[in-house]
Structures are given as C-alpha cells and as structure tokens.
Amino acid sequence: MTMTDTSLKPLAPTTSPLQLVSRYGVFVAFLLLLVFNVAVTPNFLSWQTLNVNLTQVATIVIVATGMTLVIATGGIDLSVGSLMAISGALAPMIFMGKLLPVDNVALAVTLAFVIPVIAAAACGWFNGFLVTHFSIQPIVATLVFFIAGRGIAQVMTNGNLQVFKNPPFQFIAMGHIAGIPAQVVLMVVIAVLAYCLIRYTVLGRQIIAVGGNEKAARLTGIPVRRVKTFVYVISGALAGIAGLIVVARNSASDANLVGMGMELDAIAAVAVGGALLTGGRANIFGTLMGAFVIQLVRYTLLANGVPDAAALVVKAGLIILAVFIQLRADRT
C-alpha cells in the first residue's frame, strides 16, 4: 500500500470572512451607496450630481493620498486641515499684492501656486523633524500645527475674509481639461503618481518596510529618518494643493473654515480603504474608494435631509468599524 501524492500536498490557506470584508468591504459599501441613492435620492443620476461629488471628493483624495503615505510608515498627520488654511490664506495675498508687489499677472499667479505649496511642505518637514529627531509621537508632533497652523493663517489675514476673482488662479478649481474638471484631473494624476511610487520604486518599498518594522528597516540600511521626513513633506505639500483648490472654488479665503475637519475625512478614507493604521501597508486605490465612500455618505445624508453634524458621527463610526475589522482580520 503506497501513500498517494495528494496526501503530501500542503493545505491551501483559507480566507476568513473578516479578511474578505477587510479586502473588499469598501467596494461593497460603494456599490450599496450607489444603489441606495439611485433608488431613493432624487436626480442622483444626473451630470450635475456627478460633477458635485467629483469636485467635492477631489480635495479629500489629494489629502488622503499624503495621509496614506504617512500612515504607511506608522505615523499620522493631524495638521493637514490647518496647512490647507495656511496655503489658502497665502495664495490670495500673493496675487492680490498684499504680500509681494508683483506687477506681472502671470508671475503673480505662478507664485500664488508655488509659494503656498512650498510653505505647506516646509510645515510638513517640521512635523517630520519633530518625529524623527526628537522621537515625538506623530499624533503629538502634528498636533502642534493642528493648533497653531490655523492661528498662523488667521494672523496673516488679520482674521478677515479675502474675496477675489482671478480666473487664471481659479482654473485649478473651476477650469476643465478635455471636459473634465481640472481638480479631478489633478486628483487622478496625484493618485496615479502615489500608486507608482508605492508599487514600483525603491522608496515605496522603504516606506512600507519602515511602517512594518522600523527597527528591522534601520538594520537593513534603510534611511528611516529620511523616509519618514519625506512622507510628512509630501503630506504637507498635498494639503497645500488642496487648500488652493478650496479657496479657488469658493472665490474666497476664510482661515477659520478652510480645511476644517479635513484630517478626519483623510484618516477615514485611509482606514475605510483598507490601510493599516499601525503602518506597513499602503493601498492608494483603496484610499481613493474610501474617499468616495466618505463623500457619498455625506451627500446621501444631506440630500435626504439629515443634518451635516450627523455625517461627522457616521464618519467616526466608519473609522471605528474599519479599524475593528482590520484588527480582527489580522488575528485570523
């Protein structure tokens, strides 16, 4: 009697229901929200509704992309909303001549795009510096600009609302490229670049390695400080871009409101998208879908007469649910 070959084959790994939910739950939630809105929400299948949701989700995706990179290293960035306020306050001051007397309109608009993003990236570098050189917990380090950043923006503008009309600058939010809103095109480009960074570059693999096991990454020669500082700089820069989009869309800059609550939206998008909040995993496409889910939840509630405050409760619940599923899935 001989033993058959099949008896020697290892058992195939099984996928638990929680792992399936963790992997595909965001897509199921997105589809369910679409079906619900098609059935219940008036005029949901209209170009106007599509345009509203795409333009509203663009800034969430842009900020959440940077947040994904930060969380992949095991960090978090609470300052993104305040950095949006700083960027949004700087831009009108530049092209309106309040900060720099520039006579050339094209140069003024160019500087209004470049300087605020550099300033936001510099603030991100400061966050990374606190984390890497002083070993301050990321939630505490980024809390500095979470509190002070909006105050800085209010001081720069003296607390005044800046109202403007500048079509070249506002193209980033109001313009179209091949019939597609410019901010949506920018959102897609940023998401694709981030995906390629994580998927195909050495730096991307280093980001995941640092988040997975920082001590092991350091022993293998990965420049951990440089990698962690880089992701905070990128997060700050993307927050700066999102701030420009918001003020350009509103034709006004209000340091009290620009970026308010964006850190919650970004973290929720990353968590719902399937990234581990403890680091070691980055799912850019999942973050994209998570942002769409967050936006659709908000739109669904508002379109059906539910106060906006309820959306905050729902988003907080989504974060708790996503983290719970991730933890349970990792243990199975």
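**Looking at the overall build of the chain**
Counting its secondary structure elements, the chain contains 14 helices and four strands. A compact globule built from 332 residues would reach a C-alpha radius of gyration of about 20 Å, and the chain, at 22 Å, matches this within 12%. For the C-alpha atoms alone, the extent of the chain along its principal axes is close to 95 × 55 × 35 Å. Restricting to contacts in the chain with at least 6 residues of sequence separation, those with at least 24 account for 77%. For the chain, the accessible surface area stands at approximately 16300 Å², while carbon and sulfur atoms represent 69% of it.

**As for the nonpolar core**
One finds M84 and F169 to be the most contacted residues of the largest nonpolar core, which totals 74 residues. Apart from the residues lying within four places of it in its own chain, the contact partners of M84 are V63, A239, A242, G243, V246, V258, G259 and M262.

**Examining the environment of I294**
In this fold, I294 is placed in helix α13 (residues 284–303). Placed 221 residues apart in sequence, I294 and T73 show a C-alpha to C-alpha distance of 23 Å. If we ignore the near neighbours within four places in the chain, the residues touching I294 are D265, A268, A269, V272, K315 and L318.

**Quick notes on unusual backbone geometry**
At N43, a residue that is not glycine, the phi angle is positive and equals roughly 60 degrees. Structurally, N43 can be placed in the loop between α1 (17–40) and α2 (47–72). For S251, which is not glycine, the phi dihedral falls at a positive 55 degrees. Relative to the assigned elements, S251 resides in the loop between α11 (224–250) and β4 (252–253). A relative accessible area of 24% means that S251 is categorised as partly exposed.

**Brief notes about the confidence of the model for the chain**
Predicted confidence across the chain gives a mean pLDDT of 90, with 91% of residues reaching 70 or more. Mean pLDDT values for the elements of the chain range from 75 in helix α14 (residues 308–331) up to 98 in α11. Every residue in residues 1–7 is under pLDDT 50, and counting partners more than four places away or in other chains gives one contact.

**Regarding the packing of helix α8 (residues 182–200) against α11**
Running from N to C, α8 and α11 cross one another at 170 degrees; their axes reach a closest spacing of 12 Å. One finds that α8 runs roughly antiparallel with respect to α11. Here Q183, L186, I190 and L197 of α8 lie close against α11, whose contacting residues are F230, L238, I241, I245 and R249. Residues belonging to the contact of α8 with α11 are distributed by class as follows: seven nonpolar, one polar and one charged.

**Structural notes on the packing of α2 against α11**
Relative orientation of the contacting elements α2 and α11 amounts to 170 degrees, with a least axis distance of 7 Å. Here α2 is positioned roughly antiparallel relative to α11, judged by the angle of their axes. Only V231, Y232, I234, S235, L238, A239, A242, I245, V246 and R249 of α11 make contact with α2, whose side of the interface consists of T55, Q56, T59, I62, V63, T65, G66, M67, L69 and V70. When grouped by side-chain class, the residues that make up the contact of α2 with α11 number 13 nonpolar, six polar and one charged.

**Remarks on a nonpolar patch on the surface**
Among the surface-exposed residues, Y24, V28 and L32 lie close enough to one another that they form a single nonpolar patch of about 300 Å² accessible area. Its location among the elements puts V28 in helix α1.

**Some remarks on the pattern of salt bridges**
Counted under the stated rule, the structure contains three salt bridges. Across the salt bridge formed by R298 and D265, the nearest N and O atoms sit 2.7 Å from each other. Taken as a pair, R298 in helix α13 and D265 in helix α12 (residues 262–272) lie far apart in primary sequence, 33 residues in all. One exposure class covers both R298 and D265, and it is buried.

**Some details on helix α3 (residues 80–95)**
A rise of 1.5 Å per residue sets the reference length of α3, with its 16 residues, at 22 Å; its end C-alpha atoms lie 23 Å apart and thus fit the reference within 8%. Here α3 lies mainly inside the structure; 16 of its 16 residues are buried. Taken from the residues just after α3, G97 is the one with a positive phi, measuring 80 degrees.

**Re the side chain of E263**
Along the chain, E263 turns up in helix α12. In this view, E263 contacts M67, D77, L78, V80, G81 and F146; residues no more than four positions away in its chain are not counted.

**Let's talk about the side chain of R150**
Looking at where R150 falls in the secondary structure, it is placed in helix α6 (residues 143–157). For R150, the side chain forms a polar contact with the main-chain oxygen of G81, separated by 3.4 Å. Residues in contact with R150, not counting those within four places in the same chain, are G81, S82, A85, F145, A255, N256, L257, V258, G259 and M260.

About the thresholds
Residues numbered from 1 in each chain as written. Predicted model: local features only at pLDDT ≥ 70, side-chain atom pairs only at ≥ 80, totals over all residues. Heavy atoms only, no water. Helix = DSSP H or I, 4+ residues; strand = E, 2+ residues; numbered from the N terminus. Rg over C-alpha atoms; globule rule 2.2 N^0.38 Å. Contact = heavy atoms within 4.5 Å. Areas by Shrake-Rupley, 256 points an atom, 1.4 Å probe, with all protein chains shown as cover. Core = buried A, V, L, I, M, F, W, Y, C linked by side-chain atoms within 4.5 Å. Buried < 20%, exposed > 50% of the residue type's maximum accessible area, 1.4 Å probe, protein only. pLDDT = per-residue confidence, 0-100. Axes fitted to C-alpha atoms, helices over the stretch in contact; angles between N-to-C directions. Parallel < 35°, antiparallel > 145°, perpendicular 65-115°, else oblique. Nonpolar A, V, L, I, M, F, W, Y, C, P; charged D, E, K, R; others polar. Patch = residues over 30% accessible without salt bridge, like charges linked within 9 Å, V, L, I, M, F, W, Y side chains within 5 Å. Salt bridge = Lys/Arg side-chain N within 4 Å of Asp/Glu carboxyl O. Expected span 1.5 Å × (residues − 1). Polar contact = N/O pair within 3.5 Å; in protein donor to acceptor, adjacent residues only side chain to side chain.

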